[in-house]
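Analysis of the macromolecular model
One letter stands for each residue in the lines below.
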Amino acid sequence: MLAVAAAVVGFLYAAVVPGLQNRLVDRRLDALQTASQQYSGDLRRALGSNVPARRVNTLTRQTADASDTRVTIFLVASGSSLSLAQAYDSFAETRIRDLDFPPAADAARTGRTQRGTEAGDDGRVGEVAVPLFFRRPDGRRAVSYVVVYSAPLRDVSDSVAAVRQRLLIAGLVALLIAFTSGLLGARALSSRVRHLEEGAKRVAGGDFTARFPLGRADELGQLSRTLDGMRLQLAELDSARKRFIATASHELRTPIFSLGGFLELLQDEDLDDETRDRFLSQVREQVARLGKLATDLLDLSRLEAGSIELRSEPTDLGALAGDVAGEFEPALQQHDSRLELRVPAAAVHADCDPERVAQVMRILIDNALTHTPPGTDMVVSAQRRDSRVRLGVGDFGPGIHRTMLPHIFEPFITSGDARGSGLGLAIAHELAERMDGELVVESQPGRTTFTLELPAR
Ligand SMILES: Nc1ncnc2c1ncn2[C@@H]1O[C@H](COP(=O)(O)OP(=O)(O)OP(=O)(O)O)[C@@H](O)[C@H]1O
Ligand SMILES: [Mg+2]
């Protein structure tokens, strides 16, 4: 602000004031020229007649009085070089030391009215020189006299000096205002920025209770609001992370405790073979559960971190669905369920990672078996719709509870039936997104369908 104010004052001082001075001087010279046009005729007539010099002198003074200028008449002698001799002057003393009247010589040389300014002892003077033509004895018309009308430009200088002084004072005041308002503005701004910085540092340090002052609705207020939104989001992420770790460790601790208990029981040497076998099978079950949990947790964290490389290759989803469904033959028999495969005769091609699509299908079919009563039938289908292909896994079981449905793809969400740890659907959902697809669910009592949508080939 200071620099801009200084530049404006400097520009006014350096460019505008001299321009103003030139215009004022021009205007004075215009007035002198008008006077010269008005009075030169009388002077020419007097000089051309044989009136005595005294009369011409008087006329010169009268002209000076009437035109409010100083009138000086030069006699032009044209010999080998042009020379001017002062003949009459409206000033009392005719000897002039302070002024040279340069326009007079110019007017004599060019034969035209000339104007200019000159610095005298008493300040600048404006001058208009008018050539007077007379016929010479040889018959040629030539400039014989030059009349110079001059007037001091003191009032112009005074006006310009006054303008300069006012400008200087106004400039100084403007600079002072610019400086103080700039300083105060910068202070207020930097204090707001400092508050934002402090808040950001506290959030970066993990303190999500930090507040960003919302303040005014300007750019900083907007930034403040954005930072506050970021703080809330980070707080949410942080609590989700903590929840995840707490649940994961709880899920890991349960089978480990149970394993510890069984190992202690197995140490008892008086155990009969049947009980020992029962305990061992429990131990195997817990180990299998731990193994699955560890694999699932690793899968999920890798997926979320984006460190799993997925292939993308043309895959016939109908054939893939048939293969995966085939794997579940024994489990289906055990569960007393039938699986209907609805696949069109033509191949249903998609660009995806076949291994990962099979993993999603296994998760879905496993759920349809695990979370439904024995004897519940299911349907696996594959179809193409426009540029998408859909793989569906549906069952006729009791369905998912209404309150659970919106959170079904979050980790560790279970109905509490203790049949799983709630990671399957979270993994399936992440996998679908990584393959540019989508996993959606529709559920009501008697019918639950999970559909995996993938881009068609
Ligand atoms: N077809 C289904 N019918 C009814 N409930 C279901 C069905 N599929 C999933 N659910 C419910 O959704 C929950 C989450 O399923 P998810 O597959 O994520 O975890 P899980 O099966 O409990 O454990 P796991 O990690 O071993 O798969 C289940 O616990 C179950 O309550
Ligand atoms: Mg499951």
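This structure is a prediction, so every number in the text was calculated from the model and none was measured. Position labels on residues start from 1 in each chain and follow its written sequence. Labels follow written order: the first chain is A, the first ligand is 1, and so on. With the structure being a predicted model, the display of local features is reserved for residues of pLDDT at least 70 and the display and counting of side-chain atom pairs for 80 or more, all residues being used for whole-chain, interface and lining totals.

1. Re the overall build of the protein
When you go through the protein residue by residue, the secondary structure sums to 10 helices and 12 strands. Along the first, second and third principal axes, the C-alpha atoms of the protein reach 165 × 55 × 40 Å. Here a residue counts as buried when 20 or more other C-beta atoms fall within 10 Å of its C-beta, as exposed when 12 or fewer do, and as partly exposed in between; the C-beta atoms come from the backbone. Among the 457 residues that make up the protein, the fraction classed as buried is 25%. Here contacts are defined at the residue level, using C-beta atoms placed from the backbone and a cut-off of 7 Å between them. The long-range share in the protein, meaning contacts at least 24 apart out of those at least 6 apart in sequence, stands at 64%. We count a stretch as a helix when DSSP gives it H or I for four or more residues in a row; a strand needs E for two or more, and each element gets its number in order from the N terminus.

2. Let's talk about unusual backbone geometry
Within the chain, D68 stands out as a residue other than glycine whose phi angle is a positive 55°. Position of D68 among the secondary structure elements: in the loop between α2 (53-67) and β1 (70-78). The exposure class assigned to D68 is exposed, which follows from the 11 C-beta atoms found within 10 Å. Backbone geometry places D386, a non-glycine residue, at a positive phi of 55°. Along the chain, D386 falls in the loop between β9 (378-385) and β10 (388-395). Residue D386 is classed as exposed on the basis of its C-beta count, with 6 C-beta atoms lying within 10 Å.

3. Side note on helix α6 (residues 273-305)
One turn of an α-helix holds 3.6 residues; hence residues three or four places apart share an orientation. The length a helix should cover is 1.5 Å for every residue beyond the first. Over its 33 residues, α6 runs 47 Å from end to end, which matches the ideal 48 Å to within 8%, given 1.5 Å per residue. Directly after α6, the chain includes G306, whose backbone phi takes a positive value near 75°.

4. A word on the domain arrangement of the protein
Per the annotation, domain bounds derive from an automatic or database assignment of domains. Partitioning the protein into domains gives domain 1 (2-160), domain 2 (219-305) and domain 3 (313-455). Averaged C-alpha coordinates put domain 1 and domain 2 at centres separated by 108 Å.

5. Section: the sheet that holds strand β4 (residues 123-135)
Strand pairing requires that DSSP identify at least two bridges connecting the strands. Strands sit in the order β2-β1-β5-β4-β3 across an open sheet of five strands; the sheet is antiparallel. Edge positions in the sheet fall to β2 (82-89) and β3 (114-120), since each has one partner strand and no second. Each adjacent strand pair in this sheet contributes to an overall mean axis angle of 30°, direction not counted. Pairing of β3 with β4, which is carried by seven bridges, proceeds in the antiparallel orientation. Note that in β4 the partner of G116 across the bridge is E127. An axis is simply a line fitted to the C-alpha atoms; with a helix, the fit covers only the stretch in contact. Between two such axes, the angle follows the N-to-C directions and lies from 0 to 180 degrees. Sitting on the sheet, helix α1 (residues 2-48) is in contact with β1, β3, β4 and β5 (141-152), with an inclination near 35° to β4.

6. Structural notes on the nonpolar core
The term nonpolar core refers to a group of buried residues, namely Ala, Val, Leu, Ile, Met, Phe, Trp, Tyr and Cys, whose C-beta atoms join them within 7 Å. Core analysis: the largest hydrophobic core is formed by 37 residues, its most contacted members being A321, V360, M361, L364 and A428. When residues of this core are traced back to their parent elements, those giving at least two are α7 (317-327), β8 (349-352), α9 (354-370), β9, β10, α10 (424-434) and β12 (447-455). Counting residues per element, this core draws most heavily on α9, which supplies eight residues. The residues touching A321, leaving out its near neighbours within four places in the chain, are L341, V343, M361, V380, A382 and L391. If you look at the next biggest cluster of nonpolar residues, it comprises 32 residues, including L59, V76, F101 and V125.

7. With respect to the sheet that holds strand β11 (residues 438-444)
The five strands lie next to each other as β7-β9-β10-β12-β11, forming an open sheet whose pairing is mixed. In this open sheet, the two edge strands, each paired with only one partner strand, are β7 (339-342) and β11. Ignoring which end each strand starts from, the neighbouring axes of this sheet average 15° apart. Relative to β9, β7 is paired through four bridges, and the arrangement is parallel. Directly across from R342, in β9, lies its bridge partner S381.

8. Focus: the confidence of the model for the protein
Within the protein, residue pLDDT values average 91, and 99% of them lie at 70 or more. Confidence per residue, as judged by the predictor, is encoded in pLDDT with a range of 0 to 100. For the protein, the element scoring lowest by mean pLDDT is β2, at 87; β11 scores highest, at 96.

9. A short note on the site of ligand 1
Close to ligand 1 lie 23 residues, the nearest being T414, S415, G420, G424 and L425. Where the shell around ligand 1 is concerned, the elements lending two or more residues are α9 and α10. Ranked by the residues each element gives to the shell around ligand 1, the list is headed by α9, at four residues. Throughout this entry, Asp, Glu, Lys and Arg are counted as charged residues, while Ala, Val, Leu, Ile, Met, Phe, Trp, Tyr, Cys and Pro are counted as nonpolar. The remaining residues, Gly among them, count as polar. In terms of residue class, the shell around ligand 1 is built from eight nonpolar, 12 polar and three charged. By definition, a residue lies near a molecule or strand when the C-beta atom built from its backbone is within 6 Å of it.

10. Re the pairing of β8
Residues A350 and C352 line the buried face of β8, whereas the alternating positions H349 and D351 sit on a face that is not buried. Alignment of strand β6 (residues 313-316) against β8, held across four bridges, turns out to be antiparallel. For P314, the partnering residue across the bridge sits in β8 and is D351.

11. Focus: the pairing of β1
The pairing of β1 with β5 spans six bridges and is classified as antiparallel. Bridging from a neighbouring strand, L75 pairs with Y145 of β5. By the bridge criterion, seven bridges tie β1 to β2 in an arrangement that is antiparallel. Of the residues in β2, the one forming a bridge with A77 is S83. The antiparallel pairing of β1 with β2 creates a hairpin that spans three residues between the two strands.

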